[in-house]
Amino acid sequence: MTLKKINMALAGYANVGKSVIFNHLTGLHQHIGNWPGKTIEKAEGTLYYKGYTIDVLDLPGIYSLSTHSFEELITREYIVSVKPDFIANTVDATNLETNLILTLQLLELEKPLVLALNMVDLLKRKGITIDFEKFEKILEIPIIPVIATQGKGLAEIIDQGINLTNKPIVPKTPKYGKEVETRIEQLSILLQNIELLYPKRFTAIKLLEKDTEIENLIRAKHPEILEIAQNLSLELEKIHGHSSSIVIADERCLLASHIAKQIRTITKPQKASAHEILDIITGHKILGYPVMLIILGLMFFTVFKGGSYLSSFLENLFSTLQVNFYSTFGNSIYAALIWSGIASFLALIEIALPYILPFYFFLFILESVGYLARVAFLMDHLMHKLGVHGKACIPLILGFGCNVPACLSCRIMETERERFITGLLTVFVPCSAVTVIIAGLVGKYVGVGWALGLYLLIFLIIFIIGKAAAIITPGEPTELIMGMPSYKLPNMKAIAFQTWFRLKEFIFIAGPIVIISGILIEGASLLNLLAPISNFLSPITAGWLGLPPAIGILLLFGILRKELILVLLASILGTTNFILVLTKTQLLILALVSMLYIPCAATIAALYKEFGWKKTLLITFLKIALAIIVGGLALRVLNFIPHLY
């Protein structure tokens, strides 16, 4: 018997448990990709239930159905174009006033809707009681109490969705104040006989909100209606003294608050709970910062220490593979090329497993418990100096582990402008590979103070580049608008799934390009092309940067993986005691240039995936030029410090 097919969409704010519900429902039957033509994540999965095949789509976390971000536009276009059989609107039960604002907008789209009221287990602790029966009567849609982390209420969501599919019910659209309603009705009548993608009432509301996409649709077909809508908007603005979009937003907020008051009873607990005390401390304008430094510091310490041990273990594990490979396949040109590809992939695994795996694991734990939202809030003021908002600190933090996942995580930013600026800054963050170079060249031979100085210099450069990019890049910065989720216990199953998908994405993106790069470099070596390359680059390496000509080869291999600079330096110089061959000034310059110059192959692949070739080439050439210019200028400055010799 053929299974009946149902399309289900999960919609809601960020951090309300949508992804937890998605993972519970779909398990291993899911895949992560990007929306066509966008760098925004698309999570799809399949559920088999009571003779139905249910395709589940986890829509991006949004705060409205306007066009302020790609995520909002994608969500509403998907709902009206693909027309899912039903939408499960996930709502934080402890924050009804805020979450219901999006619910009201989903009702305006007139699609079958089920309200999944998540985190009901937190209500008792907060002294909150909800009258579910009254709630359903007001909204006239199914409302299901859910504890997503425990999988409770999820079957009921699907059951109600199946009922709506078999007996489609157009939900009642919310009604606003008389002044707004009068103008919505006027526009709805004018739109009555016009073919539109969106419902008539929704279109009328968006015209009053001055939604640019809806305005363009109407302008192309009936410009006279757009003129009337603009006049009606102006009338609202004269009455209220605010933009018409703010007037309608206020109406939604007022209605959401009114509904919440009708169905909710609050008994204020006599004593603040541990969660509330934790919330106060971690979000405090003074105490929040040292707490943040301690938490992130412990995370980095654990990742780098644990990653170092695991990396050494994998290095020892793979150490005999080369000998075994050549003993099996012989020492031929073809064998050398094949081995170079294998060795490159093994090197990638040595980075991915030790550092990226625990980094993502801890990051998703912090996100799951609700702490990352506090980090974004605390960092918002500083990030605004760089032309972005607080959420940009998350990719920048990721960059200390590896620039690849940092680039991929830029998709959390709302606009294309902010995604690009954040991506540009992340590739300048010293990753764990660069940390190895700084520690091995500067920290060991020149001094820890000089190593810290390099970090301070790179942070200054990141700040300058951010300021410049914010001025040059077209567009306006957006404000940080995000819900502050309640603290809750992490769902380890969901975290394991998220970590696995991120790790898999990293390997699939970086793997092919790293293997190809390794083979090409090995081919150049076998064809004796490396010496001419050194001579060709010597005006820069020797003349401008004051380094031995052979360093040009190191920088070339560093494109594949930055740590190879140290490995090959020992091979070229014939010693691991670099201070015997290079001066302290040369060690500083080499570390500085390595830190600034071209991203590794895996990072270039991630940049291409997120921003396309044009912006990837722009960032790449910017880094090369900056490394050469800053390195040469630093040499001239350091030459005035005699004790470095």
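Residues numbered from 1 in each chain as written. Predicted model: local features only at pLDDT ≥ 70, side-chain atom pairs only at ≥ 80, totals over all residues. Heavy atoms only, no water.

J.: What's the story with the overall build of the protein in this structure? I'm lost.
T.: Assigned secondary structure in the protein consists of 26 helices and nine strands. Counting every position in the protein, which comprises 645 residues, the buried fraction comes to 54%. (Helix = DSSP H or I, 4+ residues; strand = E, 2+ residues; numbered from the N terminus. Buried < 20%, exposed > 50% of the residue type's maximum accessible area, 1.4 Å probe, protein only.)

J.: Sorry if this is basic, but what is going on with the packing of aromatic side chains here?
T.: Aromatic ring pairs are described here by two measures, namely the spacing of the ring centres and the angle between the planes. For the coordinates displayed, the defined rule picks out nine aromatic pairs. A ring pair is formed by F420 and F611, whose centres lie 6.1 Å apart and whose planes are at 85 degrees; its orientation type is edge-to-face. Of the two residues, F420 sits in helix α18 (residues 416-426) while F611 sits in helix α26 (residues 601-638), which places them 191 residues apart along the sequence. Just as F420 is buried, F611 falls in that class too. Through a chain of ring-to-ring contacts, the aromatic side chains of F325, Y326, F329 and W339 assemble into a single cluster. (Phe/Tyr/Trp six-rings, centres within 6.5 Å; stacked < 30°, edge-to-face > 60°.)

J.: Please explain the packing of helix α25 (residues 584-596) against α26 as it appears in this structure.
T.: Each pair of packed helices gets described by two things: the angle between the helix axes and the distance between those axes. Contact pair α25 / α26: the axes reach a minimum separation of 8 Å and the direction vectors enclose 160 degrees. When the interaxial angle is binned, α25 and α26 end up roughly antiparallel. Considering how the two elements wind past one another, α25 and α26 form a crossing that is right-handed. On the side of α25, the interface is formed by T585, L588, I589, L592, V593, M595 and L596, while α26 contributes K623, L626, A627, V630, G631, A634, L635 and L638. The class makeup of the residues in the contact of α25 with α26 is 12 nonpolar, two polar and one charged. (Axes fitted to C-alpha atoms, helices over the stretch in contact; angles between N-to-C directions. Parallel < 35°, antiparallel > 145°, perpendicular 65-115°, else oblique. Left-handed = near helix turned anticlockwise from the far one by under 90°. Contact = heavy atoms within 4.5 Å. Nonpolar A, V, L, I, M, F, W, Y, C, P; charged D, E, K, R; others polar.)

J.: Looking at this structure, how should I read the environment of Y360?
T.: Within the fold, Y360 resides in helix α14 (residues 333-369). The buried category is assigned to Y360, whose relative accessible area is 3%. Considering only alpha carbons, one finds Y360 and Q498, 138 residues apart in sequence, at a separation of 8.3 Å. Apart from the residues lying within four places of it in its own chain, the contact partners of Y360 are L398, P405, T499 and R502.

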